[in-house]
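Examining the three-dimensional arrangement
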Amino acid sequence: MKSTHTPQATRPHPGKRTEFTTFQVIPTRWMDVDVYGHVNNVQYLSFFDTAVNSWYVENGLLDPISSPEIFLVVETGCTYFSELTFPGEVHAGLKIGKLGSSSVIFEVGLFAGDAVETAAHGRFVHVHVDRDTRRPVPIPEHKRLILAGLTASSFHG
């Protein structure tokens, strides 16, 4: 007789602060909080976007107004572990899980201030494209070298 029991997928565990290469600090805003009194889930993706794009700008990989190539999001995902609140700061840890020829997978850990474990962690996939045609183009070597500085192993959990 066959078992009808389907094994459950293993739920990931929170990431640790030490797993991330660099951090961006993002203040929570009054408008981020929903009726349940915590930062609404949709804001987490906004934090990912803010952290990654701020890092690009700070490291000379992107000028949002004039860069001939830009990075476009093609996939996102988020696993939640604990609430973020207002007022507070989100420390967004960044590392690169994979650097392809024209794509980069960021792993982002969101921490409530100085917390040791992630309140959430996510995956943010960017494709490097020509600004005008929106077609993928290879990531130039000078950008690859900067991105490689964030390369780390994937989340353990």
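Residues numbered from 1 in each chain as written. Predicted model: local features only at pLDDT ≥ 70, side-chain atom pairs only at ≥ 80, totals over all residues. Heavy atoms only, no water.

Below, the discussion takes up the packing of aromatic side chains. This structure, assessed with the given rule, holds 11 aromatic pairs. Considering the side-chain rings of Phe-48 and Phe-124, the 6.3 Å spacing of their centres and the 65° angle between planes classify their relative orientation as edge-to-face. In this pair, Phe-48 is assigned in helix α1 (residues 41–58) and Phe-124 in strand β5 (residues 120–130), connecting sequence segments 76 residues apart. Under the relative-accessibility criterion, Phe-48 is labelled buried at 0%. For Phe-124, a relative accessible area of 3% gives the class buried. Taken together, Trp-55, Tyr-56, Phe-71 and Phe-106 form an aromatic cluster joined through their ring pairs. In this structure, Arg-17 is placed above the aromatic ring of Phe-111, and the distance from its NZ or CZ to the ring centre is 4.7 Å. One Lys or Arg, Lys-95, reaches over the ring of Phe-20 and ends 5.2 Å from the middle of that ring. (Phe/Tyr/Trp six-rings, centres within 6.5 Å; stacked < 30°, edge-to-face > 60°. Helix = DSSP H or I, 4+ residues; strand = E, 2+ residues; numbered from the N terminus. Buried < 20%, exposed > 50% of the residue type's maximum accessible area, 1.4 Å probe, protein only. Lys NZ or Arg CZ within 6 Å of the ring centre and 35° of its normal.)

Here we take up unusual backbone geometry. Looking along the chain, the bond that leaves Phe-86 and enters Pro-87 is cis, with omega of -5°. The topology assignment puts Pro-87 in the loop between β2 (69–80) and β3 (89–99). Positive phi, close to 60°, is recorded for Arg-134, a residue that is not glycine. When you line up the elements, Arg-134 lands in the loop between β5 and α2 (141–148).

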